[in-house]
Amino acid sequence: MRAREPGRTSVQDFNPTATSQVATVKPLQIRGRFLTAVALHLAGRADHGFFDALDDKLRQTPLFFENAPLVIDLEQAHGLETTQEMQRLVAELRGRNLSVFGIQSGNRNQAAAAAAAGLIALPSGKAVSADRVTRTERPGAAAQAAIPEKETPAPASKLITQPVRSGQTVFADRGDLVIVGSVSSGAEVIATGNIHIYGRLRGRALAGVNGDTSARIFCHALDAELLAIAGLYLTSENLGADTPRDNVQAFLEGEKLRVESLK
Amino acid sequence: MSKVIVVTSGKGGVGKTTSSAAISAGLAMRGHKTVVIDFDVGLRNLDMIMGCERRVVFDFINVIQGDAKLKQALIKDRRLENLYVLPTSQTRDKDALTKEGVKAVLDELREEFDYIVCDSPAGIERGAHLAMYYADEAVVVTNPEVSSVRDSDRVLGLLNSKTFLAEKGDGSAVKAQLLLTRFDAQRSAAGEMMSVQDVLEILAIPLLGIIPESTSVLKASNEGQPVILDDTSGAGKAYVDAVGRLIGEQIEMRVNAGEQKRGFFQRLLGRTA
């Protein structure tokens, strides 16, 4: 089977940077992403009153802040313009298991202090009411959102609902080909996957043209000029008189193309 | 609302021009104002079948190139009041046809005529392509033999993909119907010729009519008379039925429609035709 996959071996052989078995894996990828963060609005100074109120809130909704990235909004805050002040605030918040990572709406001094304390200064964002956040945010929701969505490929099979006429070629380049109608003599139907013909096949049918040896050809009535799967073919001359002709499938068995009736 | 009907086949010699002449004459007999256009540039035949070859002054190509007005090139039939012929050039070739030119002529004809019958040349090249390009309906002329059927199949594929209606991409398509010509019921029954069912199974389009093989067709051609005007001919009667179906009438399909029953002695002597 390895010989049927020349693409894979050639990449390893000719990759000049190949230093190990996993040389084809890229060392880094850059992707953009969005995340939802909680903004903690600090009114006045970060004093006892603030921390007491915060502890109160944490007791009421212990799960609300769990795992949630947190930004401190400094629009109405006083002080916090020195590195020490900022570091103390961060230490207090992290001591309460809050994952603070940045500030927003701070003045220049506050931004500098935040940078020194290892926080990033974000442009001010639109605030969402905390009630709404409470309702929509559930434990683990942020973690779920972090999973990048898989790209869903467009449907790759092709459906033809008209007869395929002499001289026409229909090619399903990324999957199965389904034909509701007949395939005329002199017509060609080609697919990288399986070929289904709900009608009489009089022309040529080539399935698994990219080398897929498991591809099959199904048809209601077989009168083909040529049948091919993964490059192995039979012409109408090679199809013996004992070949079944109605409701048949063609498939590869080892290196042999077989035509059998669908019971 | 006028209709452009192309008479086409792919293969040559199957009876396109005979059928174009008969169908256009049949439509005119029923009172529809009809024009038949010869698209076979360089091999002008339709004018002879229609019996107006001596009256050709200007032709289709002159009109396309602006050398003559459409009115000057149209020839009014002497037998049928509603029938006109637009002959083609014998000296030019298919390159003289342009998509824009054909469209301009057809648009002008659409304003005046109920039916515009386009007699396509054989083949699938420029002449045949432009004959079918602006068609609303197609009459696919086929003989009951394998090469003709395969060529007709190819033409049906082109009608579905290379015409104005198909290229519009809004799901509209040229309505194609099969006219089976030169059919011999006895030879078909004996297995020497394809049967109607065999042809229909391969082409998968509605059957417009079955025209029996008949000596009257050659005789009519030589006389410059559309065979449909010969009411003693089986072929002529079959064309009358086919024209009726073309305009939407329900007419029962008869093989060898109206062919005279042969007498006892004729049967003893075998086929006279």
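Residues numbered from 1 in each chain as written. Chains lettered and ligands numbered in written order. Predicted model: local features only at pLDDT ≥ 70, side-chain atom pairs only at ≥ 80, totals over all residues. Heavy atoms only, no water.

Going by an unreviewed UniProt entry, chain B carries the name Septum site-determining protein MinD and comes from Paracoccus laeviglucosivorans. The UniProt entry for chain B carries this comment under Sequence similarities (unreviewed entry): "Belongs to the ParA family. MinD subfamily." Quoted verbatim from the Function (unreviewed entry) field of the UniProt record, the comment on chain B reads "ATPase required for the correct placement of the division site. Cell division inhibitors MinC and MinD act in concert to form an inhibitor capable of blocking formation of the polar Z ring septums. Rapidly oscillates between the poles of the cell to destabilize FtsZ filaments that have formed before they mature into polar Z rings." (UniProt positions renumbered as here; feature names shortened; annotations may be inferred.)

In the annotation of an unreviewed UniProt entry, chain A is listed under the name Probable septum site-determining protein MinC and assigned to Paracoccus laeviglucosivorans. You can read under Subunit (unreviewed entry) in the UniProt record for chain A the words "Interacts with MinD and FtsZ."

Here the focus is the interface of chain B and chain A. Listed by partner, the interface residues are 11 residues for chain B and 11 residues for chain A. Summed over both sides, the interface between chain B and chain A buries roughly 950 Å², with carbon and sulfur atoms accounting for 36% of that surface. Taken together, the connections running from chain B to chain A amount to 4 salt bridges. Notably, a salt bridge pairs A:Arg202 with B:Glu201, separated by 3.0 Å at the nearest N-O pair. Our enumeration of links across chain B and chain A arrives at 8 residue pairs in polar contact (both at pLDDT 80 or more). Those elements that provide at least two residues to the side of chain B that touches chain A are helix H7 (146-161) and helix H10 (196-203) of chain B. (Contact = heavy atoms within 4.5 Å. Buried area = accessible area lost by both parts, 1.4 Å probe. Salt bridge = Lys/Arg side-chain N within 4 Å of Asp/Glu carboxyl O. Polar contact = N/O pair within 3.5 Å; in protein donor to acceptor, adjacent residues only side chain to side chain. Helix = DSSP H or I, 4+ residues; strand = E, 2+ residues; numbered from the N terminus.)

Backbone-to-backbone hydrogen bonds join strands into a sheet, with any given pair of strands oriented parallel or antiparallel. All names here are of chain A. Read across the open sheet, the 4 strands follow the order S1-S2-S3-S4; overall the sheet is parallel. The open sheet has two free edges, formed respectively by strand S1 (38-41) and strand S4 (120-122), since each of these has just one partner strand. Strand-to-strand twist in this sheet, taken as the mean axis angle between neighbours without regard to direction, amounts to 40°. Bridge analysis of strand S3 (residues 99-104) against S4 gives 3 bridges, and the strand direction is parallel. Paired with Gly102 across the bridge in S4 is Ile120. (Pairing = 2+ DSSP bridges. Axes fitted to C-alpha atoms, helices over the stretch in contact; angles between N-to-C directions.)

Attention now moves to helix H5 (residues 99-110) of chain B. Residues and elements named next belong to chain B. Taking 1.5 Å of rise per residue, 12 residues should cover 16 Å, and H5 covers 16 Å from first to last C-alpha, within 8% of that figure. Turning to H5, its buried residues are Gly101, Val102, Val105, Leu106 and Leu109. Burial along H5 is one-sided: seen end-on, the buried residues are contained in an arc of 125°. Along its buried surface, H5 packs onto strand S2 (34-38), helix H3 (60-64), helix H4 (70-73), strand S4 (83-86), strand S5 (115-119) and helix H6 (126-133). (Expected span 1.5 Å × (residues − 1). Buried < 20%, exposed > 50% of the residue type's maximum accessible area, 1.4 Å probe, protein only. Arc of directions from axis to C-beta.)

Residue and element names in this part refer to chain B. Following the UniProt record, one finds the feature "binding site: ATP" (unreviewed entry) at Lys11, Gly12, Gly13, Val14, Gly15, Lys16, Thr17 and Thr18. The topology assignment puts Lys11 in the loop between strand S1 (3-8) and helix H1 (16-29). According to the relative accessible area criterion, Lys11 is partly exposed, its value standing at 24%. Setting aside residues no more than four positions away along its own chain, Lys11 makes contact with Lys16, Ala122, Glu145, Ser147, Ser148 and Asp151. Its place among the elements puts Gly15 in the loop between S1 and H1. When neighbours within four sequence positions are excluded, Gly15 is seen to be in contact with Val141 and Tyr239.

Let us now look at a nonpolar patch on the surface. All names here are of chain A. Residues Leu159, Val180 and Tyr198 make up a contiguous nonpolar surface patch of roughly 290 Å² in combined accessible area. Topologically, Tyr198 is positioned in strand S9 (residues 195-201). Tyr198 gets classed as partly exposed once you look at its relative accessible area, which sits at 42%. (Patch = residues over 30% accessible without salt bridge, like charges linked within 9 Å, V, L, I, M, F, W, Y side chains within 5 Å. Areas by Shrake-Rupley, 256 points an atom, 1.4 Å probe, with all protein chains shown as cover.)

This next bit is on the packing of H1(B) against helix H12 (residues 234-246) of chain B. Residue and element names in this part refer to chain B. Across the interface, H1 lies against H12 with an axial gap of 9 Å and an inter-helix angle of 65°. Classed by the angle they form, the pair H1 and H12 counts as roughly perpendicular. The interaxial crossing formed by H1 with H12 has right-handed handedness. Contacts from Thr18, Ser19, Ala22, Ile23, Gly26 and Leu27 of H1 reach H12 at Tyr239, Val243 and Leu246. (Parallel < 35°, antiparallel > 145°, perpendicular 65-115°, else oblique. Left-handed = near helix turned anticlockwise from the far one by under 90°.)

Further remarks concern unusual backbone geometry. A positive phi angle is found at A:Asn247, which is not glycine, with a value near 50°. Locating A:Asn247 in the fold gives a position in strand S14 (residues 246-253). Here B:Arg182, not a glycine, exhibits a phi torsion of approximately 55°, which is positive. Its location among the elements puts B:Arg182 in strand S7 (residues 175-183).

Here we take up helix H4 (residues 108-116) of chain A. Two residues of an α-helix separated by three or four positions point the same way, owing to the 3.6 residues in each turn. Residues and elements named next belong to chain A. Among all positions of H4, only Gln110, Ala113 and Ala114 are buried. The buried residues of H4 occupy an angular sector of 100° when projected down its axis, which confines them to one face. Looking at the buried residues of H4, the elements they touch are helix H3 (83-95) and S3. Among the residues trailing H4, Gly118 stands out with phi positive, at a value near 85°.

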